Amino acid sequence: MPDALRIYIETYGCQMNEYDSELVKSLLSGAGHSLAANEHDAEIILLNTCAIRENAHSKIYARLQQLKALKAKKSYRVSVGILGCMAQNLRDDLLDTHHEIDFIAGPDSYRELPDLIGRSRKTGEKGRALALSRTETYSGVDPIRSGGVNAWIAVMRGCDNMCSFCVVPYTRGRERSRDPKGVLAEVESLAEAGYKQVTLLGQNVNSYRIGPFGFAELVEAVAGVPGIERVRFTSPHPKDFPESLLEVIARHPNVCSHIHLPLQAGSNRVLDLMKRTYTIEEFEDLVAKMRSTIPGVAISTDVIVGFPTETDEEFEDTYRAMERVRFDFAFIFKYSERHGTYAAKKLPDDVAPEKKTERIVRLVDLQKRITGEINKTYVGSTVEVLVEEEPEKYPGHWSGRTDTFKNTIFPGEGCKIGEIVRVEIERSRGSALFGRAVGRAAEREKRASAAG
Ligand code: 5AD
Ligand code: SF4
């Protein structure tokens, strides 16, 4: 048994990384270590990193500067480990250029962490664990979650899509799905532990498959676990979105009416260069099918501006597509060249930075207007909100999400975190809805009747 050490872990990037940090906490606790409340009290500081855009890297470099100073100041030995996508992406370059890093481990190598830490402390070895696996799903590792109403649960890992801009296939490897029995057992124990919502995660979540058991079957099975009031999932790819999944969402009132459907671009030439494998027409047909199958469904998206060779007219195609589709909200990014990707190898990053800024500003403005207009249509209606917290900004209020994922804020006494409250919406501002509580909810009845 190695010496017990106090470990602090900080997470950057996506929900999958949040979940992975929970796995890492479990693996390290299992090896006899304990969790520190903050970096000042820790002997091991782990940064679970992201590589999706250059600014994800920049954040970590800035943080490493601070940790270097912290290491020098402490009277006891502090070790710093870099986990996750940036470790996998930069590999030895990271250790060679940042001497304050003691070891690195990629997303498929967390079982090796206790050993890496042990060797680092014993011999000073700068260890690296970077093998990508075709099978690792961390089955049997019970994540240490931080509580709250939502539990993340990764049902598949990796991505085989190879979108030309994206580093994820290189940092997280090939697709693999978790055994549904293990997923369901985990969801059952989450329900017993009082979690009201589970969010099923995967880089390409609708590619989930174990034999004949696909993602729609998995969502349906999870929705059937007693006590789970809400099921969400992220992120699906438009190319293999099964109609049966839409029917599952429509049929099960506890499967939320919100779909995050990354568009990326509105021009067919750009979509083709991105290797997205759908046209804008096919994307819009899918959106129409979603809206007719699930009345009131909210759809959000991701968009990239300034992809290599994107012309002004092609950007306008994206602008017009967003005007036509009217997403509930959108994450909009400037293209950022990522080492190792097809786009980095074959396409020039030739859209000037000012152009990228101009384009992102226009899309953000457009989306703000659309989000505001959609949210206004909620005024006067009564929605069901899963209470998540008492927001710091609004003392005496509660906040939570509608099943369409709208952040909703309302005053009230006697509410409890984790319960579903009926809220009459009085106004909307920015991306938030404001209203008053009018009772407790019968969430399950709602869409069941809508679906007939
Ligand atoms: N540059 C900018 N945005 C990117 N994304 C992925 N890779 C890049 C990149 N190289 C965006 C995509 C994806 C979201 C998670 O991040 O829109 O859907
Ligand atoms: Fe970042 Fe993508 Fe890795 Fe998530 S999977 S941490 S978004 S690079």
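What you see is a predicted model, and the numbers here were worked out from it, not measured in a lab.

**Things to note about the overall build of the protein**
Each helix and strand counted, the protein has 15 helices and 21 strands in total. A compact globule built from 452 residues would reach a C-alpha radius of gyration of about 22 Å, and the protein, at 23 Å, matches this within 12%. A principal-axis box enclosing the C-alpha atoms of the protein has dimensions of 65 × 55 × 50 Å. Buried residues in the protein amount to 55% of all 452 residues. For the protein, restricting intrachain contacts to residue pairs at least 6 apart in sequence, the fraction spanning at least 24 positions comes to 72%. Element-wise, carbon and sulfur atoms account for 50% of the exposed surface of the protein, whose accessible area totals about 19,200 Å².

**Digging into the side chain of T301**
Note that T301 resides in strand β15 (residues 298-305). Beyond its immediate sequence surroundings of up to four residues, T301 is in contact with H260, L261, P262, L263, F327, F329, A330 and F331.

**A few points about the nonpolar core**
Core analysis: the biggest nonpolar cluster contains 82 residues, and V198, L200 and F215 have the highest contact counts within it. In terms of residue count, the dominant contributor to this core is helix α8 (residues 215-223) (six residues). The contact partners of F215, leaving out residues within four places of it in the chain, are V155, L200, V205, N206, Y208, F233 and L245. Residues L23, I44, L113 and L116 belong to the second largest nonpolar core, which totals 23 residues.

**Some points on the pattern of salt bridges**
Across all of its chains, the model carries 36 salt bridges by this definition. Between E314 and R269 there is a salt bridge, with its nearest N and O atoms 2.5 Å apart. Taken together, the residues span a long stretch of sequence, with E314 in helix α12 (residues 312-325) and R269 in helix α10 (residues 268-273) at a distance of 45 residues. Linked through salt bridges whose partners overlap, the residues forming this network are E22, R145, R178 and E186.

**Here's the deal with the sheet that holds β15**
The strand order across the open sheet formed by three strands is β14-β15-β16, and the pairing between neighbours is parallel. On the outer flanks of this sheet lie β14 (258-260) and β16 (329-334), each paired with one strand and no other. On average, adjacent strands in this sheet sit at an angle of 15° to one another, irrespective of strand direction. In the sheet, β15 pairs with β16 via six bridges, with the strands oriented parallel. From the neighbouring strand, D302 faces β16, where its bridge partner is F331.

Analysis parameters
- Residues numbered from 1 in each chain as written.
- Chains lettered and ligands numbered in written order.
- Predicted model: local features only at pLDDT ≥ 70, side-chain atom pairs only at ≥ 80, totals over all residues.
- Heavy atoms only, no water.
- Helix = DSSP H or I, 4+ residues; strand = E, 2+ residues; numbered from the N terminus.
- Rg over C-alpha atoms; globule rule 2.2 N^0.38 Å.
- Buried < 20%, exposed > 50% of the residue type's maximum accessible area, 1.4 Å probe, protein only.
- Contact = heavy atoms within 4.5 Å.
- Areas by Shrake-Rupley, 256 points an atom, 1.4 Å probe, with all protein chains shown as cover.
- Core = buried A, V, L, I, M, F, W, Y, C linked by side-chain atoms within 4.5 Å.
- Salt bridge = Lys/Arg side-chain N within 4 Å of Asp/Glu carboxyl O.
- Pairing = 2+ DSSP bridges.
- Axes fitted to C-alpha atoms, helices over the stretch in contact; angles between N-to-C directions.

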